[in-house]
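Breakdown of the fold
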Amino acid sequence: MIKATRLSKGDTAAIVSLSSGLGGEAAFLYRYEIGKKRLETDYGLKVVTMPNALKGIEYLDKHPKARADDLMDAFKDNTIKAIICMIGGDDTIRLLDYIDFEVIRSNPKIFMGYSDTTVNHFMMHKAGLISFYGPCILADFAENVTMFDYTKHYIQNVLFEPTNELPITPSPVWTSDFLEWANEENAIIARKVTEDNKGYELLQGSGISQGRLLGGCIDVFPMIFGTKIYPTLEEWEDTILFIETSEECLEPKHVKRLLRGLAAQGIISRINGIIFGKPVSEKYYYEYKEVLLQVISKENGRNDLPILYNLNFGHTAPICILPYGVKVEINCNAKSFRLLESAVL
């Protein structure tokens, strides 16, 4: 997998809207401005916003090629070192016909986002580029009052530092508290956080397991099944599968069906471990655990497969950053997780 150059102060980052055009709507522009300013002031980056990123929901819905053009142009621009997504959505798959994988492969740079951006990450994986399942502009960089220290720690240590053997530790707090974004006055009200006394939970497995990260938001997987960006069985071999559910709080029966689908494809028999993200609002927290054990262990006989649960990535804040294709380790005895190599040069 190709690694991009790490970020430094003075580098240029581009903002793209590859899914929803929410950031371009008048009621949400203030959050875009907050996120952009924090990239500039907290991280010393120059920020450019790609031409179509602020054209709003209706325009971007009608013009998926315009979204893809922004992405391709950002990759072609040698002055841009990182590409950060505005927000997720539900139709990034519509960009697939307009993606030039050779452009991505020949112009490696940091690409980051989560949720529906899972589709874009599989595009990057197809091109052979390490990408980053992590913070987006409207949610994490525009966090009410200030960004979470936990999130900032991983931005610094994954994107700006060539950090080898980086532990991904449990966040001491979490929140799914939602204050209406359309009300700008909420920006100065900190969201309520809850102490997390659970930490990481080991559902099964023993010893140490290593592999390369591959996964994303499991809600999105059905849109990429069978497409040219879906990894081959050989590419799933010896990976650590990371999965989470979105703010739609997928019902356990649907997670069960998706896991059964992965098993039927031969993926569960090839992977070296699973890490599962904290569910939004901890809804279905216990039900998801039961589903994982039923499908992985009881139905497919993989009671040897390490499953580490309740990690801080994706839709529940704060979040770490998970780099696709980077070698990682699950230590079942210590109930710990770490990156074994730097994700950037």
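Coordinates for the structure precede this section.
Residues numbered from 1 in each chain as written. Predicted model: local features only at pLDDT ≥ 70, side-chain atom pairs only at ≥ 80, totals over all residues. Heavy atoms only, no water.

Considerations on the sheet that holds strand 5 (residues 132-133)
Whenever strands of a sheet pair, they do so through backbone hydrogen bonds, lying parallel or antiparallel. One open sheet accounts for six strands, arranged 2-1-3-4-5-14; its pairing is mixed. Both outer strands of the open sheet, strand 2 (46-49) and strand 14 (322-323), are each paired with one neighbouring strand and no more. Seen against the sheet, helix 1 (residues 29-41) touches strand 1 (12-16), strand 2 and strand 3 (80-85) and runs at an angle of roughly 145 degrees to strand 2. (Pairing = 2+ DSSP bridges. Helix = DSSP H or I, 4+ residues; strand = E, 2+ residues; numbered from the N terminus. Contact = heavy atoms within 4.5 Å. Axes fitted to C-alpha atoms, helices over the stretch in contact; angles between N-to-C directions.)

Focus: the environment of Tyr288
Tracing the sequence through the fold places Tyr288 in helix 11 (residues 285-299). Other than its neighbours up to four places away in sequence, Tyr288 contacts Thr245, Cys249, Leu250, Glu251, Pro252, Val255, Phe276, Pro279, Lys283 and Tyr309.

Comments concerning the pattern of salt bridges
One pass over the full model with this rule turns up 22 salt bridges. Of the charged contacts, one joins Glu102 and Arg105 as a salt bridge, the two residues approaching to 2.6 Å between their closest N and O atoms. Highlighted residues: Glu102 and Arg105, both in helix 4 (residues 101-106), separated by three residues, approximately one helical turn. Judged by relative accessible area, Glu102 falls into the partly exposed class, the value being 42%. Across the pair Glu143 and Arg191 runs a salt bridge, and its minimum N-O distance is 2.8 Å. Of this pair, Glu143 sits in the loop between helix 6 (137-141) and helix 7 (149-160) while Arg191 sits in the loop between strand 7 (173-174) and strand 8 (194-195), and the two are 48 residues apart along the sequence. Looking at Glu143, the relative accessible area reads 5%, which means it is buried. Put simply, Asp61, Arg67, Asp91 and Arg94 are held in one network by salt bridges that share partners. (Salt bridge = Lys/Arg side-chain N within 4 Å of Asp/Glu carboxyl O. Buried < 20%, exposed > 50% of the residue type's maximum accessible area, 1.4 Å probe, protein only.)

Some remarks on the packing of aromatic side chains
Across all of its chains, the model carries 19 aromatic pairs by this definition. For the ring pair Phe122 and Phe221, a centre distance of 5.9 Å and an interplane angle of 85 degrees mean the geometry is edge-to-face. Separated by 99 residues along the polypeptide, Phe122 in helix 5 (residues 118-127) and Phe221 in helix 8 (residues 221-224) bring together distant segments of the chain. Side by side, Phe122 and Phe221 carry an identical accessibility label, which is buried. (Phe/Tyr/Trp six-rings, centres within 6.5 Å; stacked < 30°, edge-to-face > 60°.)

Points about the nonpolar core
With 117 residues, the main nonpolar core has Phe132, Leu159, Ile275 and Phe337 as its most contacted residues. If sequence neighbours within four positions are ignored, Phe132 has contacts with Ile110, Phe111, Met112, Gly113, His121, Val158, Leu159, Ile321, Leu322, Pro323, Ala343 and Val344. (Core = buried A, V, L, I, M, F, W, Y, C linked by side-chain atoms within 4.5 Å.)

Notes on helix 5
Of all 10 residues in helix 5, nine are buried; the element is thus mostly enclosed. Listed as buried for helix 5 are Thr118, Val119, Asn120, His121, Phe122, Met123, Met124, His125 and Ala127. Positive phi shows up at Gly128, right after helix 5, with a value of about 90 degrees.

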